[in-house]
Amino acid sequence: MVHFSISKQAFYDLTMNYSDLPGDLLPINDEQHYFLLEKINEGRVIFSDLTYSSPRPTEFHTWDGVEWVDL
(Lines give C-alpha, C1' and ligand atoms only; values in the text may rest on other atoms or scores of the structure.)
Protein backbone atom coordinates (compact mmCIF):
# COMPACT_ATOMS: atom_id res chain seq x y z
CA MET A 1 0.00 0.00 0.00
CA VAL A 2 1.16 3.51 -0.79
CA HIS A 3 1.30 6.23 1.85
CA PHE A 4 1.51 10.01 1.45
CA SER A 5 3.55 12.42 3.56
CA ILE A 6 2.09 15.90 3.96
CA SER A 7 5.37 17.39 5.20
CA LYS A 8 7.39 15.96 2.31
CA GLN A 9 4.61 16.12 -0.31
CA ALA A 10 5.80 12.67 -1.37
CA PHE A 11 4.56 9.11 -1.77
CA TYR A 12 6.04 6.10 0.02
CA ASP A 13 5.58 2.44 -0.85
CA LEU A 14 6.01 0.65 2.46
CA THR A 15 6.96 -2.60 0.75
CA MET A 16 10.32 -0.92 0.07
CA ASN A 17 13.04 -0.38 2.66
CA TYR A 18 13.59 3.24 3.66
CA SER A 19 16.31 4.37 6.06
CA ASP A 20 14.01 7.08 7.44
CA LEU A 21 10.27 7.67 7.09
CA PRO A 22 8.34 10.85 7.88
CA GLY A 23 6.06 10.63 10.90
CA ASP A 24 3.01 11.96 9.07
CA LEU A 25 2.31 9.15 6.59
CA LEU A 26 -1.31 8.70 5.53
CA PRO A 27 -2.43 5.46 3.87
CA ILE A 28 -4.02 6.07 0.47
CA ASN A 29 -5.55 3.77 -2.11
CA ASP A 30 -4.50 3.52 -5.77
CA GLU A 31 -7.19 5.92 -6.94
CA GLN A 32 -6.13 8.57 -4.41
CA HIS A 33 -2.47 8.00 -5.34
CA TYR A 34 -3.03 8.74 -9.02
CA PHE A 35 -5.35 11.66 -8.27
CA LEU A 36 -2.92 13.29 -5.81
CA LEU A 37 0.01 12.69 -8.15
CA GLU A 38 -1.91 14.59 -10.83
CA LYS A 39 -2.55 17.48 -8.43
CA ILE A 40 1.12 17.66 -7.41
CA ASN A 41 2.12 17.69 -11.08
CA GLU A 42 -0.25 20.65 -11.55
CA GLY A 43 1.76 22.56 -8.92
CA ARG A 44 -0.69 22.20 -6.05
CA VAL A 45 0.02 21.58 -2.35
CA ILE A 46 -1.79 18.64 -0.72
CA PHE A 47 -3.28 19.17 2.76
CA SER A 48 -3.73 16.68 5.63
CA ASP A 49 -7.38 16.04 4.70
CA LEU A 50 -6.18 15.26 1.12
CA THR A 51 -7.70 18.43 -0.30
CA TYR A 52 -5.35 20.69 -2.22
CA SER A 53 -4.42 24.27 -2.97
CA SER A 54 -4.91 26.21 -6.15
CA PRO A 55 -2.07 25.75 -8.65
CA ARG A 56 1.17 27.65 -8.10
CA PRO A 57 0.54 30.94 -9.97
CA THR A 58 4.10 31.42 -11.24
CA GLU A 59 7.59 30.08 -10.63
CA PHE A 60 8.16 33.13 -8.42
CA HIS A 61 5.49 32.11 -5.90
CA THR A 62 6.11 29.95 -2.86
CA TRP A 63 3.70 28.29 -0.43
CA ASP A 64 3.80 29.94 3.02
CA GLY A 65 1.62 27.31 4.70
CA VAL A 66 -1.60 29.21 4.01
CA GLU A 67 -1.37 30.72 0.54
CA TRP A 68 0.88 31.32 -2.43
CA VAL A 69 3.04 34.42 -1.96
CA ASP A 70 5.14 36.24 -4.55
CA LEU A 71 8.82 36.26 -3.62
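Now for a description of the structure that goes with this document.

Rules behind the numbers
Residues numbered from 1 in each chain as written. Predicted model: local features only at pLDDT ≥ 70, side-chain atom pairs only at ≥ 80, totals over all residues. Heavy atoms only, no water. Helix = DSSP H or I, 4+ residues; strand = E, 2+ residues; numbered from the N terminus. Buried < 20%, exposed > 50% of the residue type's maximum accessible area, 1.4 Å probe, protein only. Contact = heavy atoms within 4.5 Å. Lys, Arg positive; Asp, Glu negative; His and termini not counted. Charge placed at Lys NZ, Arg CZ, Asp CG, Glu CD. Pairing = 2+ DSSP bridges. Axes fitted to C-alpha atoms, helices over the stretch in contact; angles between N-to-C directions.

### Considerations on the overall build of the protein chain
- What the protein chain contains, in helices and strands, is 1 helix and 5 strands.
- Along the first, second and third principal axes, the C-alpha set of the protein chain runs to 40 × 25 × 20 Å.
- A burial count over the protein chain gives 23% of its 71 residues as buried.
- Within the protein chain, contacts between residues at least 6 apart in sequence are counted, and of these 24% link residues at least 24 apart.
- Looking at charge distribution, the protein chain has the averaged site of its 4 positive side-chain charges lying 4 Å from that of its 12 negative ones.

### Observations regarding the sheet that holds strand β2 (residues 10–13)
- One open sheet holds the 3 strands; their spatial order is β2-β1-β3, and the pairing between them is antiparallel. Either end of the sheet is taken by a strand with one partner, and the two such strands are β2 and β3 (25–28). Taking the axes of each pair of neighbouring strands and ignoring which way they run, one obtains an average angle of 35° across the sheet.
- Of the pairings in the sheet, the one linking strand β1 (residues 2–5) to β2 comprises 4 bridges and is antiparallel in character. The residue bridging Ser-5 from the neighbouring strand is Ala-10, located in β2.
- Where helix α1 (residues 30–41) meets the sheet, its contacts fall on β1, β2 and β3, and the angle it forms with β3 comes to roughly 120°.

### Things to note about unusual backbone geometry
- Even without being a glycine, Gln-9 presents a positive backbone phi close to 50°.
- As for its placement among the helices and strands, Gln-9 is situated in the loop between β1 and β2.
- Given a relative accessible area of 24%, Gln-9 falls into the partly exposed group.

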